[in-house]
Amino acid sequence: VIKPKDFYKYKQGVLHAEGVSVERILKQFGSPVYIYSQSALVKPLQALKRALKPLHATPCFAVKSNSNIAILNLLKSEGAGMDIVSGGELYRCGLVKVPGKDIVFSGVGKTAEEIREGLFYDSNGIFAFNVESIAEISKINDVAKSIGRSAPIALRFNPNVDAKTHPYISTGLKKNKFGISKSNILSHFAWIMELENVELKGISIHIGSQILGLSPLKDAFGSTEKLIIEIEKLAGQKIEFVDLGGGLGIQYKKEKIPDIDAYGKLIKKHFGKGSKIGHALRVIIEPGRVISGNSGILVSKVLFKKQNGTKKFLIIDAGMNDLIRPALYQSYHEIVPVRKAFSNAPFDSYEIVGPVCESSDCFGSTRKFSKKIDSEDSVAILSAGAYGFTMANQYNSRPLPPEVLVSGSNYRLIRERQDYSDLVSGEQI
Ligand code: LLP
């Protein structure tokens, strides 16, 4: 189990990111600031790679969870491919030269332009489009035809299983907008095989995010294995790969999370040599949060302390625009003081809130900190590496914070803080 505290520890009473003092980073780059630990990013990727051995497997990092190009570059150099959902994410992959053969393109609403970009990427195009509707298959066929190419596709199968996670991030149920049902796949199968400009290469699934038990994945893998067997019979040819999506949960509080080796075993059981499919497939997975989540923290200075009625507030200089997860999903993030002494008794119980004019701009409720904590002290919001910066926005005209990557005792700025001119970039009076 990878925990933030493996990478963020107190040394001489001050929180450190690996070997670097968080206070030093604050002093240099200001507040609020996102900080990432390089070894926290690499460790889970390596663990996934180990767990999938000896399969021909590629973890394709879900770029949406953290799309900073320094991080994409790092993960690419450690052997990750990329799972993308937009032309913008593909552009980022191009900047760090991710090979097309290691890119899969998911998403329910690809535009003709994005499809074209995928086909032209890296001259030979990306590895596959994970298609999410019958209409999309038609469109991909048309676009590919117009440029005289054949597009590799995987059908994103909706296995109708409940991932048992927050409803906003559950995607594998019949009622969700994602994927294609089995009956729909089967009834259009002959038509798909006849299309001249798409080539069916795989089946993909993704049932949800922050999944805490392997059993929904087991159900989904089982149905996928069955579907592949049926399809191969119908087609009279082999399926080249299966893409099992992302979704592995991480520890935000004290959740019990899926074991990576057990996850690997489950995949090998359904798609490895001994599976009922009977031949080797390339296996792709699309991990996002399990790689980036616990690598990042959002550090923020206390601006004011105040009391309304019985409630005590710590008003910090990061807002819901910088990290929207608590406001959007009522998600829990542990919050620790940068100076260890402020985690000591005697305590007060605080609401940790931001400056944004919304009551949902709250990072944590009834959190215990020393009575002595006050303005100019700082706190770190943990497990903010996934869907933190990538979901940040400029609401209330707040420039986006900087990002810093730490490796051992080295650190560097990987995205500078925006300034006011960035707020109006492209606007006209
Ligand atoms: N593949 C597909 C097709 C996806 O839609 C997603 C996430 C992933 C992979 C990666 O899932 P992960 O391994 O990170 O669980 N903003 C939300 C999470 C949204 C997830 C969307 N799709 C949050 O902050 O919790």
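## Examining the environment of A380
No. 1: Inspection of the secondary structure assignment puts A380 in strand 18 (residues 378–381).
No. 2: Once the C-alpha coordinates of A380 and F129 are considered, the two residues, 251 residues apart in sequence, prove to be 38 Å apart.

## Considerations on a positive patch on the surface
No. 1: A contiguous patch of positive charge, built from K218, K226, K269 and K276, is present on the exposed surface.
No. 2: Along the chain, K218 falls in helix 8 (residues 215–235).

## Brief notes about the sheet that holds strand 7 (residues 103–105)
No. 1: Ordered in space as 5-6-7-8-9-10-11-12, the 8 strands form a closed barrel in which the pairing is parallel. Geometrically, the sheet is characterised by an average inter-axis angle of 30 degrees between neighbouring strands, direction not taken into account.
No. 2: Examined bridge by bridge, strand 8 (residues 128–131) and strand 9 (residues 151–156) share 3 bridges and lie parallel to one another. Bridge pairing in strand 9 links N130 to A154.

## Structural notes on the nonpolar core
No. 1: In terms of nonpolar packing, the biggest core is built from 98 residues, with F129, I153, I267 and F271 touching the most fellow members.
No. 2: The element best represented in this core is helix 2 (residues 38–52), accounting for 7 residues.
No. 3: Apart from the residues lying within four places of it in its own chain, the contact partners of F129 are F105, K110, I115, G118, L119, I140, A151, P152, I153 and A154.
No. 4: Grouped together as the second largest cluster of nonpolar side chains are 22 residues, Y8, V14, F29 and V406 included.

## Here's the deal with the packing of helix 8 against helix 9 (residues 260–271)
No. 1: Two elements in contact, helix 8 and helix 9, have axes separated by 9 Å at closest approach and are oriented at 20 degrees. Of the possible angle classes, the one that applies to helix 8 and helix 9 is roughly parallel. At the point where helix 8 passes helix 9, the crossing takes the right-handed sense. Along the contact surface, helix 8 presents L217, K218, F221, G222, T224, E225 and I228, while helix 9 presents Y263, L266, I267, H270 and F271.
No. 2: Of the residues contributing to the contact of helix 8 with helix 9, the split by class is 7 nonpolar, 3 polar and 2 charged.

## A look at the packing of aromatic side chains
No. 1: Under the criterion given, the structure shown has 8 aromatic pairs.
No. 2: Taking 6.4 Å as the distance between ring centres and 50 degrees as the angle between the ring planes, the aromatic pair formed by F221 and Y263 counts as tilted. Of this pair, F221 sits in helix 8 while Y263 is found in helix 9, placing the two residues 42 residues apart along the sequence.
No. 3: The class for F221 is buried, based on a relative accessible area of 0%.

## A few points about the sheet that holds strand 2 (residues 14–17)
No. 1: Taken in spatial order, the 3 strands of this open sheet run 1-2-3, and their pairing is antiparallel. Both edges of this open sheet fall to strand 1 (8–11) and strand 3 (20–21), since each of them pairs with a single strand only.
No. 2: Looking at chain direction, strand 2 and strand 3 are connected through 2 bridges and run antiparallel. Paired with A17 across the two strands is V20, which belongs to strand 3.

Rules used in this analysis
Residues numbered from 1 in each chain as written. Predicted model: local features only at pLDDT ≥ 70, side-chain atom pairs only at ≥ 80, totals over all residues. Heavy atoms only, no water. Helix = DSSP H or I, 4+ residues; strand = E, 2+ residues; numbered from the N terminus. Patch = residues over 30% accessible without salt bridge, like charges linked within 9 Å, V, L, I, M, F, W, Y side chains within 5 Å. Areas by Shrake-Rupley, 256 points an atom, 1.4 Å probe, with all protein chains shown as cover. Salt bridge = Lys/Arg side-chain N within 4 Å of Asp/Glu carboxyl O. Lys, Arg positive; Asp, Glu negative; His and termini not counted. Charge placed at Lys NZ, Arg CZ, Asp CG, Glu CD. Pairing = 2+ DSSP bridges. Axes fitted to C-alpha atoms, helices over the stretch in contact; angles between N-to-C directions. Core = buried A, V, L, I, M, F, W, Y, C linked by side-chain atoms within 4.5 Å. Buried < 20%, exposed > 50% of the residue type's maximum accessible area, 1.4 Å probe, protein only. Contact = heavy atoms within 4.5 Å. Parallel < 35°, antiparallel > 145°, perpendicular 65-115°, else oblique. Left-handed = near helix turned anticlockwise from the far one by under 90°. Nonpolar A, V, L, I, M, F, W, Y, C, P; charged D, E, K, R; others polar. Phe/Tyr/Trp six-rings, centres within 6.5 Å; stacked < 30°, edge-to-face > 60°.

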